[in-house]
Amino acid sequence: MKKRVIVFHRKLPAPELARLEAECAVTHFEQVNQANRTEFIAAIHQAHGMIGASVKLDDTMFAGATDLEAIATISVGYDNYDVAGLTRRGIVLTNTPDVLTESTADTIFSLVLATARRIVELAEFVKAGRWQRSIGEAQFGTDVHGKTLGILGLGRIGSAVARRGHLGFGMPILYHNRSRNLETEAQCAARYCSREELLRESDFICVVLPLTAETENSIGAAEFAQMKPGAFFINGSRGKIVDEPALIEALEKEQIRGAGLDVFVREPLPADSPLLRFPNVVALPHIGSATHETRYAMAQCAVTNLLDALAGRRPPDAVNPEARAW
Ligand code: DGY
């Protein structure tokens, strides 16, 4: 008998869905909301595997899921899961690292450029028909090349951001991380420093950290107060790492020059968010990895992980391989 799998995702690329359907009986939830939550939980209790993204799945939802062996999240971040709870229940969780590193770094670096050179604001100025004579100081931006790039979190994506900054734009790189990253130090002349020094010295501060109990709300009023008044703050990881009211206050007080944000505490960002009032804020709809090629590769990676796990093979991207015996 085929194993039962739930897909909770807008849609999987057809070849990947076909790969899954060849081996599993698939139930599809295009979205999960209050209206279908009970039905979704009932389906979890019947499932052997799950694959999807962007839904917070708390531990209580798995209480009766005695057949569930594996969940493949189509994302690198797995803060939507209680990993310890899954491990206790013998459910392996897999993610999609590597395949999205370069695209996500592209997004983050585009925020560096867009904020410093005021790309969105000035493109809107042109579209609004306000370009009526040659531009002057009021439209000038800030140089990116040669400025100091501070990276909080020098993992795969942080290192890809460092490469763009250092090798492409001649930027000195400062970083702070749980552990030293000697490879990126060598490749990008990146200098490990304290968080305080990074906040104080960087012209661009990029947050590329996972969301954990330690990082949640770890950038607040005290951290913004340490930044240079001319600094740009870039967040391409998770909104909850930042105390958003403190960021708004830092922008209001002009403690920083601008912010480039791909992630927010609440997503989609409410249309009345004060962040949208600032011309020096570039806000994106969480597009870090959102290219055709990368999203395809992520789906492919997640399907492979799930099929491996359901076949009893240790999946290549297991977050908690200890959950099961392979
Ligand atoms: C990821 O892969 O974690 C992206 O941020 C999408 O959630």
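What follows is about the sheet that holds strand β1 (residues 3-8). If you trace the 5 strands from one edge of the open sheet to the other, you get β2-β1-β3-β4-β5, paired in parallel fashion. The sheet terminates laterally at β2 (24-29) and β5 (92-94), the two strands that pair on one side only. The sheet shows a mean angle of 15 degrees between the axes of neighbouring strands, direction not considered. Relative to β2, β1 runs parallel, the two sharing 6 bridges. In the sheet register, Phe-8 faces β2, and the bridge partner there is Phe-29. Lying over the sheet, helix α1 (residues 14-23) contacts β1, β2 and β3 (49-52), oriented at roughly 130 degrees with respect to β2. Running over the sheet, helix α2 (residues 37-44) touches β1, β2 and β3 and is turned about 150 degrees from β1.

Counted by the stated rule, this structure contains 1 cavity of 30 Å³ or more. The calculated volume of the largest cavity comes to roughly 30 Å³. For the largest cavity, the full set of lining residues is Asn-235, Gly-239, Val-242, Glu-244, Leu-247, Leu-261, Val-263, Phe-264 and Leu-275. Residues belonging to the lining of the largest cavity are distributed by class as follows: 6 nonpolar, 2 polar and 1 charged.

What follows concerns the domain arrangement of the protein. Looking at the protein, the domain boundaries give domain 1 (4-98 + 292-323) and domain 2 (101-283). Just the C-alpha atoms count here: the centres of domain 1 and domain 2 sit 32 Å apart. Between domain 1 and domain 2 lies a buried interface of about 520 Å² when both sides are counted; carbon and sulfur atoms form 38% of it. The largest contributions to the domain 1 side of the interface with domain 2 come from Asp-79, Asp-98 and Thr-294, which together make up 73% of the buried area. Our enumeration of links across domain 1 and domain 2 arrives at 2 salt bridges. The closest approach of N and O atoms between Arg-156 and Asp-98, which form a salt bridge, is 2.7 Å. In this assembly, domain 1 and domain 2 are joined by 4 residue pairs in polar contact (both at pLDDT 80 or more). Split by residue class, the side of domain 1 that touches domain 2 holds 2 nonpolar, 2 polar and 2 charged.

Right, let's get into the packing of aromatic side chains. The full count for this structure, using the stated rule, is 6 aromatic pairs. Between Phe-8 and Phe-40 the ring centres are 5.9 Å apart and the planes differ by 65 degrees, which places this aromatic pair in the edge-to-face class. Pair noted here: Phe-8 is in strand β1 and Phe-40 is in helix α2, with a separation of 32 residues, a long-range link. Phe-8 gets classed as buried once you look at its relative accessible area, which sits at 2%. Given a relative accessible area of 0%, Phe-40 falls into the buried group. Consider the rings of Phe-109 and Phe-169, whose centres lie 4.9 Å apart with planes at 40 degrees: the pair is tilted. A residue pair is termed long-range when its members are at least 10 positions apart, and Phe-109 in helix α4 (residues 101-116) and Phe-169 in helix α6 (residues 156-169) qualify at 60 residues. Relative accessible area serves as the criterion here: at 29%, Phe-169 is assigned to the partly exposed category. Among the aromatic residues, those joined into a ring-pair cluster are Phe-8, Phe-29 and Phe-40.

Rules and cut-offs
- Residues numbered from 1 in each chain as written.
- Predicted model: local features only at pLDDT ≥ 70, side-chain atom pairs only at ≥ 80, totals over all residues.
- Heavy atoms only, no water.
- Pairing = 2+ DSSP bridges.
- Helix = DSSP H or I, 4+ residues; strand = E, 2+ residues; numbered from the N terminus.
- Axes fitted to C-alpha atoms, helices over the stretch in contact; angles between N-to-C directions.
- Contact = heavy atoms within 4.5 Å.
- 1 Å grid on protein atoms, 1.4 Å probe; cavity = no way out; pocket = protein on both sides within 12 Å on 5 of 7 lines; lining within 4 Å.
- Points joined across faces, edges and corners; volume = space filled by probe spheres on them.
- Nonpolar A, V, L, I, M, F, W, Y, C, P; charged D, E, K, R; others polar.
- Domains from an automatic or database assignment.
- Buried area = accessible area lost by both parts, 1.4 Å probe.
- Salt bridge = Lys/Arg side-chain N within 4 Å of Asp/Glu carboxyl O.
- Polar contact = N/O pair within 3.5 Å; in protein donor to acceptor, adjacent residues only side chain to side chain.
- Phe/Tyr/Trp six-rings, centres within 6.5 Å; stacked < 30°, edge-to-face > 60°.
- Buried < 20%, exposed > 50% of the residue type's maximum accessible area, 1.4 Å probe, protein only.

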